[in-house]
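# Summary of structural features
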Amino acid sequence: MAKHYDLIVIGGGPGGYTAALRAAGLGLKTAIVEKEKLGGTCVNKGCIPAKALLHASSIFDTLQNSDEFGVSTDFISFDFKKMQHYKKRSVKAYRNEIKELISAAGVQVICGTATIRRGHTVEVNGPEGKDYYKADNIIIATGAKPVVPNIPGADLPGVLTSDRLLTSEVWNYDRLTIIGGGVIGVEFATIFNALCSNVTILERGRHLLGPMDGEVSQALEGEMRRKGISVCCNTVIKEIREDSSQGLVCVFTMNGEEQTLRSGQIVIAAGRAPYMEDLIGPDVDFQMENEYLKVDSNFCTSEPGIYAIGDVVDHKKLAHVAAAQGTYVVEKIAGVKHTIRLSVVPNGMFVELPVIPGCIYTEPEVASVGLTKEAASACNMKVGCGRYLMSGNGKSIITREQSGFIHLVFEEYSGTLVGAQIMCPRATDMISEMATAIANGLTAEQLMLAMRAHPTYSEGIAEAIQNYLETKGEIRE
């Protein structure tokens with residue numbers, strides 16, 4: 001007889017383990033099915049290893065330019081293999097924390113590949129054969145995999161996905177071409193530029209970062225060019241071929257004109273697609289939408305009692321989004337009050353505001369939440385904006401990181417914050433205040449009541465709010 005659970009979660013990434021922990025905390029008998037390692041792509045192949053390398057490369061870059069601060073050394077170098085070992089230790093430490101939390105919560109971890117069968121049955125093909133489990137509810141949190149476009153030569157040695165790049169220990173990245181100017185692409189460009197690689201980004205769209213605010217994209221592109229990264233937009237990749245000198249040549253068109261680019265390595269960072277290998281059995285039928293599992297507003301699939309969260313759903317592919325969705329679904333299943341908001345409709349408005357922070361770990365960092373001015377206008381919302389250039393910020397002057405800005409968007413009549421775009425050091429930390437403000441419908445006047453420490457980058461938030469209020473006429477000299 002199949003073992004029975006209140007909830008089975010398929011996938012042990014941020015969405016899966018967060019859902020399992022919340023469910024166990026609410027008294028539900030819970031199991032996670034994971035075929036590889038707890039933590040999923042984020043912990044093992046994505047966010048954590050990438051940010052570890054970003055941190056290590058940033059230290060090297062800082063030391064390269066430390067003379068301005070009165071710090072001198074005779075010789076600066078880096079050991080890429082040691083950087084990778086540091087990254088592995090960071091990943092292992094984080095994964096062990098997750099294991100301890102899962103164990104302490106009493107969540108059963110089932111190793112193997114899960115296939116959903118009829119009657120809320122989960123077939124698990126594990127190391128010791130097949131087992132069957134039943135559950136009142138199932139959450140699918142299987143994540144995503146890198147997309148490799150149909151480019152001739154994409155299978156050549158030296159053409160890597162983001163997963164393979166993060167595991168390489170041998171340094172051969174003196175000339176690196178990155179296909180894709182989204183979040184993954186610009187973060188890899190930041191890492192290898194800091195390590196003195198000659199980096200070129202080839203982006204299909206009109207600007208980097210796709211749906212990101214155009215002003216932010218343009219400013220970041222300018223910073224990347226200033227650091228020596230070549231950025232080519234409006235490109236179409238025609239083919240990749242081997243060069244006689246054992247390098248690679250990427251053939252592409254830019255604005256309709258064919259060009260070639262020689263590289264040692266080429267990284268394909270053209271996005272990710274939902275991972276559902278062996279997930280759906282022949283006796284169940286899920287409704288799909290553009291290769292993603294179709295869900296309703298409560299993340300329920302077309303099969304009652306079976307939910308899907310994270311990257312298998314056509315939403316923002318972010319670890320914290322998956323975790324928030326996992327919490328939301330479990331609380332829905334348990335019938336308890338929600339402790340997290342995925343969106344909000346402020347009083348007196350008819351527009352649903354997303355409260356999902358988006359973070360990009362370039363230098364300077366980029367973060368955003370809510371609506372841009374253009375998106376608000378498209379919703380027929382009248383808005384006013386507050387802006388502050390970080391060049392005058394005390395902390396920025398101290399650290400010599402004075403590029404960037406803070407841009408806040410307020411609903412014009414009530415002064416409620418509806419969006420924020422920040423580009424400066426620590427932007428990824430600062431955006432949480434803005435997300436909290438939007439989730440709670442705070443106004444410019446309420447935000448100004450908070451005292452911000454000096455000197456900090458976050459003082460720029462107060463300056464941007466004041467700029468909005470002065471423009472609106474609320475503050476006079």
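Structure shown above.
Residues numbered from 1 in each chain as written. Predicted model: local features only at pLDDT ≥ 70, side-chain atom pairs only at ≥ 80, totals over all residues. Heavy atoms only, no water.

## Section: the nonpolar core
One broad rule of soluble globular proteins: the nonpolar side chains tend to lie buried together. Operational definition: What we call a nonpolar core is a set of buried Ala, Val, Leu, Ile, Met, Phe, Trp, Tyr and Cys residues that are connected through their side-chain atoms within 4.5 Å. Relative accessible area decides the class of each residue, using a 1.4 Å probe on protein chains only: under 20% of the type maximum gives buried, over 50% gives exposed, and in between gives partly exposed.
Ile8, Ile10, Ile32, Ile116, Ile139 and Ile140 are the most contacted members of the largest nonpolar core, which totals 49 residues. Judged by nonpolar contacts, the second largest core, of 39 residues, contains Val355, Val369, Ala435 and Ile438.

## Observations concerning helix α3 (residues 47–64)
Cut-off, in case you're wondering: In this text, helices come from DSSP runs of H or I with a minimum length of four residues, and strands from runs of E with a minimum of two, each type numbered from the N-terminal end. What a helix should span is 1.5 Å times the count of its residues minus one. By the convention used here, residues are in contact when the closest approach between their heavy atoms is within 4.5 Å.
Taking 1.5 Å per residue as the helical rise, α3 with its 18 residues ought to reach 26 Å, and the 26 Å between its terminal C-alpha atoms agrees with that figure. Looking at the packing, one finds that the buried side of α3 touches α2 (40–44), α4 (80–105), α5 (162–167) and α6 (183–194).

## Description of the pattern of salt bridges
Going by this rule: One side-chain nitrogen of Lys or Arg within 4 Å of one carboxyl oxygen of Asp or Glu is enough to make a salt bridge.
Counted according to the given criterion, the structure contains 16 salt bridges. The salt bridge partner of Glu68 is Arg400, with a shortest N-O separation of 2.9 Å. Remark: Arg400 occurs in the loop between α10 (394–399) and β25 (405–411) and Glu68 occurs in the loop between α3 and α4; sequence separation between them is 332 residues. Residue Glu68 is classed as exposed on the basis of its relative accessible area of 52%. With a shortest N-O distance of 2.7 Å, Arg117 and Glu123 are connected by a salt bridge. Its relative accessible area of 23% is what places Arg117 among the partly exposed residues. For Glu123, a relative accessible area of 8% corresponds to the buried category. One connected set of salt bridges, linked through shared partners, spans Arg117, Glu123, Lys130 and Asp283.

## Thoughts on the environment of Ser217
Note the threshold: The term polar contact refers here to a pair of N or O atoms within 3.5 Å; inside protein, the definition further demands a hydrogen-donor-capable atom paired with an acceptor-capable atom, and it admits residues adjacent in sequence only when both atoms are side-chain atoms.
Within the secondary structure layout, Ser217 lies in helix α7 (residues 214–226). In this structure the C-alpha to C-alpha distance between Ser217 and Cys424, which are 207 residues apart in sequence, comes to 13 Å. Looking at Ser217, its side chain comes within polar contact range of the main-chain oxygen of Leu208, at 3.1 Å.

## Focus: unusual backbone geometry
A cis amide bond links Glu363 with the next residue in sequence, Pro364, at an omega value of 0 degrees. Looking at where Pro364 falls in the secondary structure, it is placed in the loop between β22 (358–360) and β23 (366–370). Here His454 and Pro455 are connected by a cis peptide whose omega angle stands at -5 degrees. With respect to the helices and strands, Pro455 occurs in the loop between α12 (444–448) and α13 (459–472). The backbone of Asp278 shows a phi angle near 65 degrees, a positive value even though the residue is not glycine.

## Some words on the sheet that holds β25
Just so we agree on the cut-off: What makes two strands pair is DSSP finding at least two bridges between them. Throughout, an axis means a line fitted to C-alpha atoms (over the contacting stretch in the case of helices), and angles, computed between N-to-C directions, take values from 0 to 180 degrees.
One open sheet holds the 5 strands; their spatial order is β22-β23-β26-β25-β24, and the pairing between them is antiparallel. Two strands in the sheet have a free side with no partner beyond their single neighbour: β22 and β24 (383–389). Taking each pair of neighbouring strands and ignoring which way they run, the sheet shows an average axis angle of 10 degrees. Sheet analysis places β24 next to β25, joined by 7 bridges and oriented antiparallel. Note that in β25 the partner of Tyr388 across the bridge is Ile406. Its contacts with the sheet put α7 on β23, β24, β25 and β26 (417–423), and the angle it makes with β26 is roughly 5 degrees.

## Considering the pairing of β25
With respect to burial, β25 is a largely interior element, 7 of its 7 residues being buried. A two-sided burial pattern is seen for β25, the buried positions comprising Phe405, His407, Val409 and Glu411 on one face and Ile406, Leu408 and Phe410 on the other. Pairing between β25 and β26: 6 bridges, direction antiparallel. Looking at the pairing, Phe410 lines up with Leu417 of β26. In textbook terms, the turn of a hairpin is the stretch between consecutive antiparallel strands, and for β25 and β26 this stretch comprises 5 residues, one of which, Gly415, has a positive phi near 75 degrees.

## A word on the packing of aromatic side chains
To keep it simple, the criterion reads: For this analysis, a ring pair means two rings from Phe, Tyr or Trp (six-membered ring only for Trp) whose centres lie within 6.5 Å, classed as stacked if their planes differ by under 30 degrees, edge-to-face if by over 60, and tilted for the remaining angles.
For the structure shown, the criterion picks out 11 aromatic pairs. With a centroid separation of 5.1 Å and 75 degrees between ring planes, the pair formed by Phe60 and Phe78 is classed as edge-to-face. Taken together, the positions of Phe60 in helix α3 and Phe78 in the loop between α3 and α4 put the pair 18 residues apart, joining distant regions of the chain. Looking at Phe78, the relative accessible area reads 25%, which means it is partly exposed.

## Concerning the sheet that holds strand β9 (residues 175–179)
In space, the 5 strands of this open sheet follow the order β8-β15-β9-β10-β11, with parallel pairing throughout. Each edge of the open sheet carries a strand with a single partner, namely β8 (159–161) and β11 (230–232). Ignoring which end each strand starts from, the neighbouring axes of this sheet average 20 degrees apart. Of the pairings in the sheet, the one linking strand β10 (residues 198–202) to β11 comprises 3 bridges and is parallel in character. Looking across to β11, one finds that Ile201 is bridged to Val231. Each of β9 and β10 touches α6; the most contacted strand, β10, lies at about 170 degrees to it.

## Some points on helix α1 (residues 14–25)
With 12 residues, α1 extends 16 Å from end C-alpha to end C-alpha; this agrees with the ideal 16 Å at 1.5 Å per step. In terms of burial, α1 is a largely internal element, 9 of the 12 residues being buried. Those residues of α1 lying buried are Pro14, Gly15, Gly16, Tyr17, Thr18, Ala19, Ala20, Ala23 and Ala24. One or two steps after α1, the chain reaches Gly27, where phi turns positive at roughly 90 degrees.

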